[in-house]
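# Tertiary structure, described
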Amino acid sequence: MSVLVTLWLSLVMIMALLVAAGVFTWVERRGLGFFQERLGPNRVGPFGFFQWIADTVKLMFKADEVPPGGDRLTFRIAPALAATPVLAGFAVVAVAPGWTLAALDVGVIFILAMLALTVYAMVLGAWASRNRYAMLGGLRAAAQMLSYEAFFGLSLMGVVMLAGSLELGAIVAAQEGLWFVALQPLGAALFAIAGIAAAHRLPFDLQESEQDLVAGFMTEYSGMSFALFFLGEYLAVLLVAALATTLFLGGWLGPWLPAPVWFGLKTGLLALAFIWIRAVLPRPRYDQLVAFAWKAALPLALVNLLATGAVVVLKGGA
Amino acid sequence: MTEMQSPPRLAAPDAAPDAAPETAAAVRQALGPRVIAEQETGEGVPVLWIAPGDWVEAHRVLRGMERPFTLLADLWGIDETARHHRAGQPASGVTVASHLISPERNADVRLKLACDAAAPVAPSVTPVYPGANWYEREAFDMYGVRFEGHPTLRRIYMPNDWDGHPLRKSHHARATETPPFRMTPESFAETEAANTIDPAELGLPTERDGVELMTLNLGPHHPSTHGVFRIVLGLDGEEIVWAWPDLGYHHRGAEKMAERQTWHGFIPYTDRIDYLGGVISEMPYLLAVEKLCGIEVPERAQCIRVMLSEFFRITSHLLFYGTLAQDTGAMSPIFYMFVDREKAYKVIEAITGARMHPAFFRIGGVAMDLPTGWDGLVRDFLDWMPKRLDQYEGMVMRSELFQARTRGVAVYDAGTCLKWSATGPHLRAAGMPWDMRKLRPYSGYEKYEFDVPVEEAGDIYARTRVRVEEMRQSLRIIRQCLERMPEGPIKADHPLAFPPPRERTLHDIETLIHHFVGTGWGTRVPAGEATGQVESARGFTQYSIVSDGEGGSYRTRIRTPSFANLQPIAEVAPGMTVADFIMYLASIDHVMSDVDK
């Protein structure tokens, strides 16, 4: 019985997330229009709200070809690999006390693993496309993932030490008095940077970088395969925002409003910050980015970890 | 207040107009007996015919003389076979002409070489002026002149399997003069094979340190080549080992068209040479035509011309600014700048009736007088623009990420620019205050107060800074136009000024006949040769015109800045990453129609 319930809830959650990702594309396009002195989509429905539905329908009917010489099977599998791990990652997110599909005791690690898996989508998609721009994009994706994954995990270990748990619900519960962003400002900053990189968003969208690589790893993709890559990206944004909310912003904690509303509000605002950053920042060069990851971010994350560890040990906790 | 990295400096204060007579004497003395004839023109520039055996040596002498001619501004061909008026010139079938400039003297000299009509051969001057490389390829492509000693004498615009040389008088000008075109699978395959670029054939390496290089076709359809431009890259990872620019995808044969149009009818084409420059490229063409006709343009028309040119300089630079920022990944600035461009186009539209390609200048003046209320529109723009430029300082120029992408990237000095004939913001960003508006004022530029912004670094950031400051200077010039717009006629009272005043065509038969004949057959511009030079948004633009006394041009040579500005690519690109190369391309600010003509 409980399996059926979980399955049912999973289905509801997946549907909700797909809609959320669709709505998020609309929010992003309206938001960017607002930031850029232009209108953005405003024809379909009120404020163009149904644009994302129109686009989805359009994408479903678009030709979806495998390029000549491409690896057919891998080419088809890659887009699915972009979206499914991220969806799976949401399973451990705790929206309110007890509101989680799977209260894994390694929840944080699970999400990190799921986000890291998306790089396979890029590398395989790039390789299967038999396109040189895609190839360069795939190589960048792999190098960037290696550089960022290292301090992505380390940046949030401070929080894990303070909370004494890897389970998302427990981490939120540990912030009852003070949000971890106050105790771990450096960790939060590093997490934000790595989070953007993990979601492959500007300024860390080098594997896609349309100015030099046309569309990078997904140059050859069209139709729903293309849409799946985008779905993966938008879902990753939401997942990273949800994770940041959980780890640093006290999750569902907040006065007056019900817990899930607080969680949604915080996640939504963080997701908006992604859009804002995209509107504002230029993109660093690939080697500058990798150098920053290894030479600045990783040492800082280690220092943060050591300092947190020292404090925790001295206070006799954990 | 705006913060500036370094204050723009004035051009050399003694930027006196032409030192022509003195230079002409020095050149004559230096060349001595190598000159076989001196051509009488109204150019104000010595035009010297050189003996075939001395062609390269003459260039070497001028390149090496005191205060040397360091810039080969242009090199082109003239098919003389159908020309009637060439009294006093040596016999020639195809003439090769080169235009040299000495920045130190602020003076020019033009050399000419007579070649055979059937099988023209000329020695290559690339050993003296590397920048002649593409120009000689162009002359080979267009006239079939074989340049002996040229490193890679290949066609530059036309496909490799093209039959004939388009600018020869014997070559057809329109597709309807040839049998219908049929594409068969075989002919398609042949054309494709003929135009495939084989690195080995070009002497480019296929491997480095035993590792095979990846050949990457950047373009002709690529979001960041800024037009249909193809660069074949040899890559080791993301590092560029060699770059081979391939031109011609935007070639429309504008110079051939000029030979088919009336003098007046070619004006709209000039707008489309540098399609972002609008009226700016009408100016050199008309300066040349008016020089041939002996027309003095009235002051009001001159002022209107200057004002519109500066408006277009701003819209062009704004597009550069936005696309450069976009190529770093900053997606917002371009949208803001399009809003500004829209404001400028509103003013341009009110004055000219058109937006990007107004074709507004006329032989002897401009098409229409300024509309009522123009001053209010211009003033609004002048109030709007400076504070926007201040915002962009923070949005783009002071952004650390932007600086990380642009400072110290794609650096080259003034020597490299001159070597490859690159001009305009490239020279000014490398410390050389070389601006035609200051050095050789035309259309009354000497009456305006403005500075020539100069930077020293020669990198992408410096080139951006130069253009940003140029926009401020353009605003200064526009303000002065607004404040001092002279009263008076907008077209010269001259029989060759065209079209004749509309109101008079309906009153006297003489003017009506002039209008009728001029519209049908074209105004007859006196035979001769003349040159118009301007500083366009992209650099040094020169129209060298030959009139044979007909209703249309005999030869219109268009020296566009974008063409030469691309030439340093092969030298500058190696060692860059692909991402930096994209930035470098953006900082060239080329317009492909201005490259391919």
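The rules behind the values
Residues numbered from 1 in each chain as written. Chains lettered and ligands numbered in written order. Predicted model: local features only at pLDDT ≥ 70, side-chain atom pairs only at ≥ 80, totals over all residues. Heavy atoms only, no water. Core = buried A, V, L, I, M, F, W, Y, C linked by side-chain atoms within 4.5 Å. Buried < 20%, exposed > 50% of the residue type's maximum accessible area, 1.4 Å probe, protein only. Helix = DSSP H or I, 4+ residues; strand = E, 2+ residues; numbered from the N terminus. Domains from an automatic or database assignment. Contact = heavy atoms within 4.5 Å. Phe/Tyr/Trp six-rings, centres within 6.5 Å; stacked < 30°, edge-to-face > 60°. Lys NZ or Arg CZ within 6 Å of the ring centre and 35° of its normal. Buried area = accessible area lost by both parts, 1.4 Å probe. Salt bridge = Lys/Arg side-chain N within 4 Å of Asp/Glu carboxyl O. Polar contact = N/O pair within 3.5 Å; in protein donor to acceptor, adjacent residues only side chain to side chain.

## As for the nonpolar core
- Counting 162 residues, the largest nonpolar core has B:L111, B:L247, B:M307, B:I569 and B:F581 as its most contacted members.
- In terms of residue count, the dominant contributor to this core is helix α8 (residues 299–327) of chain B (13 residues).
- For this core, the domains that each give at least three residues are domain 1 (20–156) and domain 2 (254–565) of chain B.
- Every residue in contact with B:L111, bar those within four places of it in the chain, is listed here: B:L31, B:L48, B:I50, B:W55, B:A58, B:H59, B:L62, B:V96, B:A97, B:S98 and B:L100.
- Ranked by size, the runner-up nonpolar core spans 67 residues in total, among them A:L168, A:L231, A:L235 and A:L247.

## Regarding the packing of aromatic side chains
- Per the counting criterion, the structure on display carries 30 aromatic pairs over all chains.
- Ring geometry for B:Y321 versus B:Y392: centroids 6.1 Å apart, planes at 90°, classification edge-to-face. Taken together, the residues B:Y321 in helix α8 and B:Y392 in helix α10 (residues 374–397) connect sequence positions 71 residues apart. In this pair, the class of B:Y321 matches that of B:Y392, namely buried.
- Aromatic side chains B:Y442 and B:Y445 sit 5.0 Å apart centroid to centroid with 70° between the ring planes, which places their arrangement in the edge-to-face category. This pair shows no difference in class: B:Y442 is buried, exactly as B:Y445 is.
- Every member of this aromatic cluster is reached through a ring pair, and the members are A:F24, A:F226, A:F230 and A:Y234.
- Its guanidinium or amino end placed over the ring of B:F320, B:R467 lies 4.2 Å from that ring's centre, counting from NZ or CZ.

## What about the interface of chain B and chain A?
- Contacts between the two partners involve 34 residues from chain B and, on the opposite side, 24 residues from chain A.
- For the chain B and chain A pair, buried surface summed over both sides reaches about 2500 Å², with 57% attributable to carbon and sulfur atoms.
- The largest per-residue losses of area from chain B upon contact with chain A belong to B:E238, B:M331 and B:L401, which jointly make up 23% of the total buried on that side.
- Linking chain B to chain A there are 3 salt bridges.
- Taking the shortest distance from any N to any O, the salt bridge between B:D580 and A:R285 comes out at 2.7 Å.
- Remark: the boundary between chain B and chain A carries 11 residue pairs in polar contact (both at pLDDT 80 or more).

## So, the domain arrangement of chain B
Residue and element names in this part refer to chain B.
- Split by domain assignment, chain B resolves into domain 1 (20–156) and domain 2 (254–565).
- Using C-alpha coordinates to define each centre, domain 1 is positioned 28 Å away from domain 2.
- Interface area for domain 1 against domain 2, summed over the two sides, is near 2700 Å², with a carbon-plus-sulfur share of 50%.
- Three residues stand out in domain 1 for area buried against domain 2, namely E43, L71 and N106, and they jointly supply 19% of the buried area on that side.
- In this assembly, domain 1 and domain 2 are joined by 5 salt bridges.
- A salt bridge links K112 to E529; the shortest N-O distance between them is 2.8 Å.

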